[in-house]
Amino acid sequence: MLATLRRIVQEVSTAPNIDAALATIVRRVKQAMDVDVCSVYLTDPVQNEHVLMATEGLRPESVLMVRLRLDEGLVGLVASRAEPVNLDDAPAHPRYKYFPESGEESYHGFLGVPIIHHRKVLGVLVVQQHARRSFDEDAVTLLVTIAAQLAGAIAHAEASGEIATLKRLKRDAAEDMRPLQGVPGAQGVALGRAAVIYSLENLDAIPDRTAEDVEAELALFREAVEQVKADIRALSERMDGVLPAEDKALFDAYLLMLEGDSLIRATEDRIRAGNWAPGALRDTVAEHVRIFTDMEDPYLRERADDIRDLGGRLLRCLQEETPAVPDYGDGTILVGEDITATMLADVPVEKLAGVVSARGSRTSHAAILARALGIPAVMGVVDLPVGQVDGANIIVDGYGGRVYVSPPESIRNEYRRLAEEEARLSDELTSLRTLPAETRDGHRIPVFANSGLLADITPILDSGAEGIGLYRTEYPFMVRQQFPGEEEQRRTYRRVLEQMAPRPVTMRTLDVGGDKALPYFPIEEDNPFLGWRGIRITLDHPEIFLVQVRALLRANVGLNNLNILLPMIGNVWEVDEALRLLRQAYEELLEEGEAVTMPPVGVMVEVPSAVYQAENLARRVDFLSIGTNDLTQYLLAVDRNNANVAELYDALHPAVLRALTQVVEGAAAAGKPVTICGELAGEPMATPLLVGMGLDGFSVSASSLPRIKWVVRSFSRSEAREVLQHALSLENAHGVRGYLTRVLDEAGLGGLVRPGN
Ligand code: PEP
Ligand code: MG
């Protein structure tokens, strides 16, 4: 059963389109389960019906003809219950409905399972038998597993419009246009053209692209083939005398494949049909892999790996000729499987209109950078058909976390209007630049900017920030080939401190590990977020820590606007040890004749243990700063970068809010100020809560800063406290969000939490 299942899944996953995938499923399942009928019904939520999309066993003409209301028939029963229905005599069931057009008069055995993706029923997979048959547990699990695999492919196809085309339904395209759902990465709306960025290594991630010059593309491909042949011959020669002749035969097999017709000719045909060489190669390799994987003979099945290997070699040669990175035009929407902060930083800012990533979440560093740049972003769009959207018109709704691929004119017009309203709102907000962030009862709450991902701090100065509340020092470490030296670090920090002076700059000591890797300092761990990261690394490597704090102290000479912040503190002794090293660096520098001063030092509260020991920690240092990004992931046990659980990751969870109030109380008991620098600080709907808690300052991305100031200026402290009290009485994040949206709407600030005014 397992082998059958694996083969079906493999075949479906490499099917060239959804039509082929559905046809494969019904054919293979019918065969494997030895049933008379296998059919797939897809749910159309616009028309409120289930439509027969593919069948093996019922009349082929009944495809698209058989339609059931959402609650109609046994198919409707499976969908509404969202669980399998297994009947040995279907016509005897009260929900049975007979469709003459299907020719299904005499089927008794019935097993239907829902096709569910992210809790949504997308359709029903059904098998039927003439005879009475109650399906056994193996059969049920097989069908459930296949339906689960199929769900992803269907969700992709729905999102890319493939299903709509397939159905040829003549209804208003606008109505049928369902957006892809991800999580909001950076607020704002953008319209533009997709530029897919992909890993050079991964053949599956190659997008389709139209070959502009077919002959040139063919020549490129042939060159790559010749190059790979030469490489393999060279490899083979090098193995002379090392490998026995029978093992060396592998190289001959490779050469045969490169000389034979099937792999080469099929790719050339695809290029002639209009795809560019890497896209054509991807499809040919997938096709061959499918054929081999399908073979019963285990030796031949293994050959699928050889094909993949050859495909990868050919791809690498092609990449040398073709730039992997597209030419970015105006209004580029950067799209990719897993967009990283560095990929994003590679695109000229003036060309970049939006960002869409299939992986990641709101607190991924790419999203943080997008916010710093004021570029709308949607992360974790798991159903994004990355390979098929290159060059497509895309709308990014960074408020709702929605992405429209090739939307109809009506939707484009609507979003153009929203984008104009946005621009007007931003213009209005710039007038706040010189006004203080002051509550209606005259209480000032300084708003600082987060920085460090960008060298350029002009946007921060333009935003009216009162300083930098979090400078992430790891970026200069990430873009180099080795640890930067003391003098190099000093120059980097000095530039920032000078530009901001006399405004304060809080620089956080190196916080690598977790999802932030240094290419030259690899850390292999099963649970990197619970492993060696932040202060844990730098205390284990005092030489790294000492170089950094020496550079910081020297950069501060004569300016005195530096604060130092310690990340990932989970124990008081970590603070004591860091302070000891800091003092050591300070005294050494004094001895060396440097006019250094001891800057204020703070602790980040981003680990649950630090919440409960906030007072103990605060007593040791000058201030606390709450990092809600990590604190949320650790409190809720939800990986901040994992798109599968992105919906569970919410810093407005009542448990997180309670933790924040506890930190504020701890800091107050120690008589020390506490600020907040996690992404929650930049969410306008959280501002009344944070003001109500009594936080002493916010540090947010430069692009969110005017909005946050606006909210601060719209509430008095007592109003904010009332909002906080009510929010704390709610039981889940969803309720808190709903409530805060109403609060902002009533205060006339609705435009800050969704597109338009
Ligand atoms: C945080 O965890 O909230 C934080 C500000 O740090 P980072 O996002 O860099 O981990
Ligand atoms: Mg953190």
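Residues numbered from 1 in each chain as written. Chains lettered and ligands numbered in written order. Predicted model: local features only at pLDDT ≥ 70, side-chain atom pairs only at ≥ 80, totals over all residues. Heavy atoms only, no water.

Undergrad: Got a minute to help me understand the overall build of the protein in this structure?
TA: Across its full length, the protein holds 28 helices and 22 strands. In terms of overall dimensions, the protein is globule-like: its C-alpha atoms have a radius of gyration of 30 Å, near the 27 Å expected for 757 residues. Reported as C-alpha extents along the three principal axes, the dimensions of the protein are approximately 85 × 75 × 45 Å. Out of the 757 residues in the protein, the part that is buried amounts to 55%. (Helix = DSSP H or I, 4+ residues; strand = E, 2+ residues; numbered from the N terminus. Rg over C-alpha atoms; globule rule 2.2 N^0.38 Å. Buried < 20%, exposed > 50% of the residue type's maximum accessible area, 1.4 Å probe, protein only.)

Undergrad: Can you walk me through the sheet that holds strand 12 (residues 377–379) in this structure?
TA: The eight strands lie next to each other as 7-14-13-9-10-11-12-8, forming an open sheet whose pairing is mixed. On the outer flanks of this sheet lie strand 7 (180–181) and strand 8 (183–186), each paired with one strand and no other. Judged from the two bridges that link them, strand 7 and strand 14 (residues 402–405) form a sheet pairing that is antiparallel. Following the sheet pairing, Leu180 is matched in strand 14 by Val403. Sitting on the sheet, helix 13 (residues 365–373) is in contact with strand 8 and strand 12, with an inclination near 50° to strand 8. (Pairing = 2+ DSSP bridges. Contact = heavy atoms within 4.5 Å. Axes fitted to C-alpha atoms, helices over the stretch in contact; angles between N-to-C directions.)

Undergrad: Would you mind going over the coordination of the magnesium ion (ligand 2) with me for this structure?
TA: The expected angle between donors at a tetrahedral four-coordinate metal is 109.5 degrees. At an octahedral six-coordinate metal it is 90 or 180 degrees. Surrounding the magnesium ion (ligand 2) are the protein donor atoms Glu606 (OE) and Asp630 (OD), which sit 2.0 to 2.1 Å from the metal. In this pair, Glu606 sits in the loop between strand 19 (601–605) and helix 21 (608–612) while Asp630 sits in helix 23 (residues 628–636), placing the two residues 24 residues apart along the sequence. Residues Glu606 and Asp630 agree in their burial class; the two are buried. (Donors = N, O, S within 2.8 Å, 3.2 Å for Na, K, Ca; no water.)

Undergrad: I keep staring at the site of ligand 1 and nothing clicks. Help me out?
TA: Taken together, the neighbourhood of ligand 1 is formed by 16 residues, with Arg472, Arg508, Gly627, Asn629 and Arg640 sitting nearest. When ligand 1 sits alone it has 290 Å² of accessible area, and the protein chains cover 100% of it. Listed by contribution, the elements that provide at least two residues to the shell around ligand 1 are strand 16 (468–472) and helix 23. At three residues, the largest contribution of residues to the shell around ligand 1 is made by helix 23. Looking at the shell around ligand 1, its residues break down into three nonpolar, five polar and eight charged. (Near = heavy atom within 4 Å. Areas by Shrake-Rupley, 256 points an atom, 1.4 Å probe, with all protein chains shown as cover. Nonpolar A, V, L, I, M, F, W, Y, C, P; charged D, E, K, R; others polar.)

Undergrad: Sorry if this is basic, but what is going on with the packing of aromatic side chains here?
TA: Describing an aromatic ring pair means giving the distance of the ring centres and the angle of the ring planes. Summed over the entire model, instances satisfying the criterion amount to five aromatic pairs. Judged by centre distance (5.5 Å) and plane angle (55°), the ring pair of Tyr404 and Tyr415 falls under tilted. With Tyr404 in strand 14 and Tyr415 in helix 14 (residues 409–430), this pair connects stretches of sequence that are 11 residues apart. A single burial state applies to Tyr404 and to Tyr415, both of which are buried. Taken together, a centroid distance of 5.5 Å and an interplanar angle of 65° make the contact between Phe483 and Phe521 edge-to-face. (Phe/Tyr/Trp six-rings, centres within 6.5 Å; stacked < 30°, edge-to-face > 60°.)

Undergrad: Please explain the domain arrangement of the protein as it appears in this structure.
TA: Accessible area lost on assembly of the parts is the figure often given for the size of an interface. Examined at the domain level, the protein breaks down into domain 1 (2–178), domain 2 (181–197 + 326–408) and domain 3 (203–318). The centre of domain 1, based on its C-alpha atoms, is set 33 Å off from the matching centre of domain 2. Tallying the contact residues gives 10 residues for domain 1 and 10 residues for domain 2. Overall, the association of domain 1 and domain 2 removes approximately 760 Å² of surface from exposure, summing both partners, and the carbon and sulfur fraction of that is 63%. Scanning the region where domain 1 abuts domain 2 turns up one residue pair in polar contact (both at pLDDT 80 or more). Those elements that provide at least two residues to the side of domain 1 that touches domain 2 are helix 4 (137–160) and helix 6 (173–176). Residue contributions to the side of domain 1 that touches domain 2 peak at four residues, all from helix 4. A class-by-class count of the residues in the side of domain 1 that touches domain 2 yields five nonpolar, four polar and one charged. (Domains from an automatic or database assignment. Buried area = accessible area lost by both parts, 1.4 Å probe. Polar contact = N/O pair within 3.5 Å; in protein donor to acceptor, adjacent residues only side chain to side chain.)

Undergrad: Looking at this structure, how should I read the packing of helix 7 (residues 214–238) against helix 9 (residues 261–272)?
TA: In the contact formed by helix 7 and helix 9, the axes pass within 9 Å of each other and the chain directions differ by 160°. Relative to helix 9, the element helix 7 is oriented roughly antiparallel. By crossing handedness, the relation of helix 7 to helix 9 is classed as right-handed. In this structure, helix 7 contributes Val214, Glu217, Leu218, Phe221, Arg222 and Val225 to the contact, and helix 9 contributes Ile264, Thr267, Glu268, Ile271 and Arg272. (Parallel < 35°, antiparallel > 145°, perpendicular 65-115°, else oblique. Left-handed = near helix turned anticlockwise from the far one by under 90°.)

Undergrad: I'm lost on the pattern of salt bridges in this one. Help?
TA: Scanning the model with the defined rule gives 47 salt bridges in all. Where Arg554 meets Glu486, a salt bridge forms, and the shortest distance between an N and an O atom there is 2.7 Å. You can see Arg554 sitting in helix 19 (residues 542–555) and its partner Glu486 sitting in helix 17 (residues 486–500), a full 68 residues away along the chain. Residue Arg554 is classed as buried on the basis of its relative accessible area of 16%. Residue Glu486 is classed as buried on the basis of its relative accessible area of 17%. The shortest N-O distance in the salt bridge between Arg620 and Asp576 comes to 2.7 Å. Of the two residues, Arg620 is situated in helix 22 (residues 614–620) and Asp576 in helix 20 (residues 572–591); the sequence distance between them amounts to 44 residues. Judged by relative accessible area, which is 33%, Arg620 ranks as partly exposed. Given a relative accessible area of 35%, Asp576 falls into the partly exposed group. (Salt bridge = Lys/Arg side-chain N within 4 Å of Asp/Glu carboxyl O.)

Undergrad: What exactly am I supposed to notice about the pairing of strand 1 (residues 37–44) here?
TA: Both faces of the sheet carry side chains from a regular strand, because those side chains alternate between them. Strand 1 sits mainly inside the fold: eight of its eight residues count as buried. Residues Val37, Ser39, Tyr41 and Thr43 of strand 1 are buried on one face, and the alternating residues Cys38, Val40, Leu42 and Asp44, pointing to the opposite face, are buried as well. Two elements, strand 1 and strand 6 (residues 120–129), share six bridges in a ladder whose sense is antiparallel. Opposite Leu42, over in strand 6, you have Gly123 as the bridge partner. Judged from the seven bridges that link them, strand 1 and strand 2 (residues 49–56) form a sheet pairing that is antiparallel. Within strand 2, the residue paired with Val40 across the bridge is Ala54. From the end of strand 1 to the start of strand 2, which pair antiparallel, there are four residues, and Asn48 there has a positive phi angle of about 55°.

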